[in-house]
Structures are given as C-alpha cells and as structure tokens.
Amino acid sequence: MQTIKIKKPKKVLVGADFSQLEVKTAVYASQDPDMKKAYEEGKDLYSLVGSMAYGVPYNDCLEFYPEGTILNIDGKEIVCGKKEYTNKEGKARRQASKSILIGSIYQRGVASIAEQIGKTKEETETIMNNFYKGFPTMTKWFEESKQFTIEHGYMDNAVGRRRRLPNAQLPRYSVNFKENYNTVINDTDMSHFNPFLECASLNTTLIDKYKKLLSNIKYKKEYDKLKEDALKEGIEIHDNNGYIQQCLRQCVNFQAQSLGADIVKLAMLEIDNNQELKELGFTLLLQIHDELVGEVVEENAEKVSEILSNIMINTAKKIGIDVPMSADSYIVSNWYEDELETSLLDNIMKHGDMDKEELFKLLCEEHTELTPESIHRVLFEKEKLHI
C-alpha cells in the first residue's frame, strides 16, 4: 500500500519589540521638552542624559564614534564608518546613563544607582544632581506626581488606569494605645470617668504628648528611645515612612510601566482584528514584556513583519502618545536564535587562540542551551546557527 505524505508549508516566527518603551512613556508622562526633542531628532536619549549627567559633549557619550570621525590607530589615520569603531569611554558613560535614567523613573535610591554604575555614593549624588538640573521638567514631574498622590491617595496613567495608593496618606508615625489598654483612675482622680459608660475614657493627653515629641525626632536612636518610653506608658508607636516612600516610588513608575503595558495590550487587540494579517495566515503566539511573537508561512513573513511593526507604532499614536515610537521586527526559525548566535560568536572570538577541539569542548560546557551539533557547525563549518 502506498504511503501518503502531506507536505506542510514551512512556518517561521515573526516578532517585533518596542524599543525603550517605558522610557518613552515616562517622557510622554513628564512632557520633558529636551527628551522629546531628542527622540524627534533621532538622537540617542541615553547619550543625551550622559552629556548632562557627566558634563561632557554628547558625542563623548555615544557607544560608537560618529561617522566621519578621524581616529589615529597604530599611527594611521582612519575615518570611521557608521557604527564601525566602539568608543569605550562613551559606551561606559552611555551604559551608566541608562541606569541613571531608568533608576530615576523607578525612583531607585542613590545607593542602588551607585552600585549599578560603579561609583561611590557621593559621586553618584553629584551625577544625579546634574541629571535633575539638566532635565527640570522631568524632575518637576517626579515631585508633582508624589504631591498629587499624597493629596488624593491614587495615581492615574495617561489612558485612565488607576493605581490606588492609600498608604501615601498615612501620617509619618501612628500613635495609639496598646490593645486592652485602660487608664488607671484612682479614688481622687475622676477627670476621665464617663458616667454613661460607667468606665474611664482614654486619656488622649498621652497620645498628644508623643505626637509632639515625634515631630522633633531627627535620628533613629531618638526614635527607638521614645518608642521604648511610650510602650512603658501603654502607647504603641509605628513608623509609616517605609509605606509612604513605597507609594511615592510607585506613583511615578506606575505611570511609565502601566502605560507601556496598556500600549502592548492595545496593540495585541489591533493585531488580532487586522484583516490583512488574517488573510496572510498570521497567528499571534506570545507576549513577552514589550515584545510580540507569532508564526506565519515563510513566504508571507516579510509582509507580516512590516505590518506588525506598523501596528505597534500606530497603536501608541492612536491614544495620543506624541513621543516617536519604534518597534524592531525580526524573522527567525527559532526564538532568540540571533541572540544565541551572537553570544556563541562572541565566545569564539574571546577564546580565538585556543585549539579548536579544546574550544569545542569549552563551548559545549558553557552553552548547554545549544546542541553539540549546532556548535560544531558554527565553529568548524562556519555556518549560521540553526537550533
């Protein structure tokens, strides 16, 4: 009996990833004119931040020397092409500036940012102050967001999503009587006796006393001593500053993160409803943070990648986002194939002096996510990575 084979058309993965989505939504929320202008002119925002934070020219914060830059390498003058020669110092500044900008949007503390950029706390304070002075509109947005949240106990993003943050309205310290506490009344003191309840009313004089003392507290040791003294008199003191500060961080980063998430979800709806994508046979499979991935037959991949990218960009425009968006599309047989290949090739370059057989063993140990056959083809046969 003859066997019947059904040949299925080859399918590939097509995806698109928003570039710097949460940074751009923060720029939109703050309406910082210098940051918006940088995006409109096609400049690199991280490099612009580096220029302000470090007090150096913009070009000195770029990852690559600008096209046309003349370098002297080994006694020879070389004219740089586009993204041809890495500027090591510029790359380091740009990477640090990325941590500064994103850290400020997430409202990380100076100590946290200092650890990320490899500077002392004092050096980082200077860098952060330069950043705040360089972008006063964004700095004002931080403070206005916090003040609004303190006053109202919530924050809305640009499309109306609301995050309730009631703890922002807590007093710095809560002062209360201990559970089951009752004032002791002797025979001569009837000032707190309630004739209707036939018992003593709580003496709020103690509460007022400790609230007043707390208003003058500056150091933790003073607070700890006061808390201990209060406990002896049946008064409990709770420090709410941690809860308040958490809300004040969240009210800022919520506006950027939630708006980014809303844009991605709206884009997913647009993609699902797009008639042309349906006719091309595209199926949306995954959403990973700011990235959308689907599958389609190989012959339609180029057209789908173009439509996918356009839909994602235009979704932001439809809801009034006036900061230019970009969504980088790709076509692969296996998800993250390009990134894995880059990682593998970097490792091959790093150990270029090793014997190939020894290098093969090392690569197999370090790249357990790949099969030995895939590594062998790239290393010995100079083929592209196919997982």
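That block above? That's the structure.
Description of the structure in this document. Nothing here was measured: the structure is a model prediction, and the numbers come from that model.

## Side note on the overall build of the protein chain
Tallying secondary structure elements over the protein chain gives 15 helices and twelve strands in all. Scored against the burial criterion, the 387 residues of the protein chain give a buried share of 39%. Of the contacts made within the protein chain by residues no fewer than 6 positions apart, 62% connect residues no fewer than 24 positions apart. Accessible surface for the protein chain amounts to roughly 23,500 Å². Of this, 49% is attributable to carbon and sulfur atoms.

## A word on the packing of aromatic side chains
Scanning the entire structure with this criterion turns up six aromatic pairs. On the numbers, 5.4 Å between centres and 25° between planes, the contact of Tyr-173 with Tyr-223 is stacked. Of this pair, Tyr-173 sits in strand β6 (residues 173-177) while Tyr-223 sits in helix α9 (residues 220-232); the two residues are 50 residues apart in sequence, bridging distant segments of the chain. Residue class for Tyr-223 comes out buried when judged on its relative accessible area of 8%.

## Observations concerning the side chain of Asn-241
Secondary-structure assignment places Asn-241 in helix α10 (residues 241-273). At a separation of 3.3 Å, a polar atom in the side chain of Asn-241 contacts the side chain of Arg-172.

## A short note on the packing of helix α8 (residues 204-214) against α9
Helix packing for two helices is described by the angle between their axes and how far apart those axes are. For the pair α8 and α9, interaxial distance at closest approach is 11 Å and the crossing angle is 175°. Classed by the angle they form, the pair α8 and α9 counts as roughly antiparallel. Contacts from Tyr-210, Leu-213 and Leu-214 in α8 reach Tyr-223, Leu-226, Asp-229 and Ala-230 in α9. Tallied by class, residues from the contact of α8 with α9 come to six nonpolar, no polar and one charged.

## Describing α10
Spanning 33 residues, α10 covers 47 Å between terminal C-alpha atoms, matching the ideal 48 Å at 1.5 Å per step. Along α10, the helix axis deviates most sharply at Phe-254, where the bend reaches about 40°.

## Focus on the packing of helix α4 (residues 88-105) against helix α6 (residues 121-134)
Where α4 contacts α6, the axes come no closer than 11 Å and their chain directions differ by 70°. Comparing their axes, α6 and α4 come out roughly perpendicular. Between α4, through Ile-100, Leu-101 and Ser-104, and α6, the contact on the second element is made entirely by Ile-127, Met-128 and Phe-131. A breakdown of the residues in the contact of α4 with α6 according to their chemical character gives five nonpolar, one polar and no charged.

## Digging into the nonpolar core
Formed by 64 residues in total, the largest nonpolar core has its most connected members in Val-23, Leu-45, Leu-101, Phe-131 and Met-138. In terms of residue count, the dominant contributor to this core is α10 (twelve residues). In this view, Leu-101 contacts Val-23, Met-35, Leu-45, Tyr-46, Val-49, Phe-131 and Met-138; residues no more than four positions away in its chain are not counted. Core analysis: the next-biggest nonpolar cluster, separate from the first, contains 13 residues, Val-175, Leu-206, Tyr-223 and Ile-235 among them.

## So, the sheet that holds strand β11 (residues 291-297)
Taken together, four strands build an open sheet; the order of strands is β10-β11-β1-β12 and the sheet is antiparallel. Strands with a single pairing partner mark the edges of an open sheet, and in this sheet they are β10 (283-288) and β12 (327-332). Pairwise comparison of adjacent strand axes, ignoring direction, gives a mean angle of 20° for this sheet. Sheet topology note: the strand β1 (residues 11-18)/β12 ladder contains six bridges and is antiparallel. Its bridge partner being in β12, Ala-16 is matched across the sheet by Ser-329.

## Comments concerning the side chain of Lys-36
Mapped onto the secondary structure, Lys-36 falls in helix α2 (residues 33-40). Under the relative-accessibility criterion, Lys-36 is labelled buried at 14%. A polar contact of 2.9 Å, which involves the side chain of Lys-36, links it to the side chain of Gln-31. The contacts of Lys-36, once residues within four sequence positions are left out, are Val-27, Gln-31, Asp-322 and Val-323.

## Quick notes on unusual backbone geometry
At Gln-31, a residue that is not glycine, the phi angle is positive and equals roughly 55°. Along the chain, the position of Gln-31 falls in the loop between α1 (21-30) and α2. With a relative accessible area of 33%, Gln-31 lands in the partly exposed category. Its identity as a non-glycine residue notwithstanding, Gln-107 has a phi of 60°, on the positive side. Note on placement: Gln-107 falls in the loop between α4 and α5 (110-117).

## Some words on the pattern of salt bridges
Applying the stated criterion to the full structure yields 16 salt bridges. The closest approach of N and O atoms between Lys-10 and Glu-298, which form a salt bridge, is 4.0 Å. Here Glu-298 lies in the loop between β11 and α12 (301-318) and Lys-10 lies in the segment before β1, a separation of 288 residues in the sequence. On the basis of relative accessibility, which here comes to 47%, the residue Lys-10 falls in the partly exposed class. The exposure class assigned to Glu-298 is partly exposed, which follows from its relative accessible area of 43%. A salt bridge links Lys-43 to Glu-41, with the nearest nitrogen and oxygen atoms 4.0 Å apart. Judged by relative accessible area, Lys-43 falls into the partly exposed class, the value being 37%.

## Some remarks on helix α3 (residues 45-54)
Of all ten residues in α3, eight are buried, a share of seventy percent or more. Taken residue by residue, α3 has Leu-45, Tyr-46, Ser-47, Leu-48, Val-49, Gly-50, Ser-51 and Ala-53 as its buried positions. Where α3 is buried, its residues contact α1, α2, α4 and α6. Gly-55 occupies a position one or two residues after α3 and carries a positive phi of about 65°.

Criteria and thresholds
- Residues numbered from 1 in each chain as written.
- Predicted model: local features only at pLDDT ≥ 70, side-chain atom pairs only at ≥ 80, totals over all residues.
- Heavy atoms only, no water.
- Helix = DSSP H or I, 4+ residues; strand = E, 2+ residues; numbered from the N terminus.
- Buried < 20%, exposed > 50% of the residue type's maximum accessible area, 1.4 Å probe, protein only.
- Contact = heavy atoms within 4.5 Å.
- Areas by Shrake-Rupley, 256 points an atom, 1.4 Å probe, with all protein chains shown as cover.
- Phe/Tyr/Trp six-rings, centres within 6.5 Å; stacked < 30°, edge-to-face > 60°.
- Polar contact = N/O pair within 3.5 Å; in protein donor to acceptor, adjacent residues only side chain to side chain.
- Axes fitted to C-alpha atoms, helices over the stretch in contact; angles between N-to-C directions.
- Parallel < 35°, antiparallel > 145°, perpendicular 65-115°, else oblique.
- Nonpolar A, V, L, I, M, F, W, Y, C, P; charged D, E, K, R; others polar.
- Expected span 1.5 Å × (residues − 1).
- Bend = angle between axes of the 7 residues up to and from the residue.
- Core = buried A, V, L, I, M, F, W, Y, C linked by side-chain atoms within 4.5 Å.
- Pairing = 2+ DSSP bridges.
- Salt bridge = Lys/Arg side-chain N within 4 Å of Asp/Glu carboxyl O.

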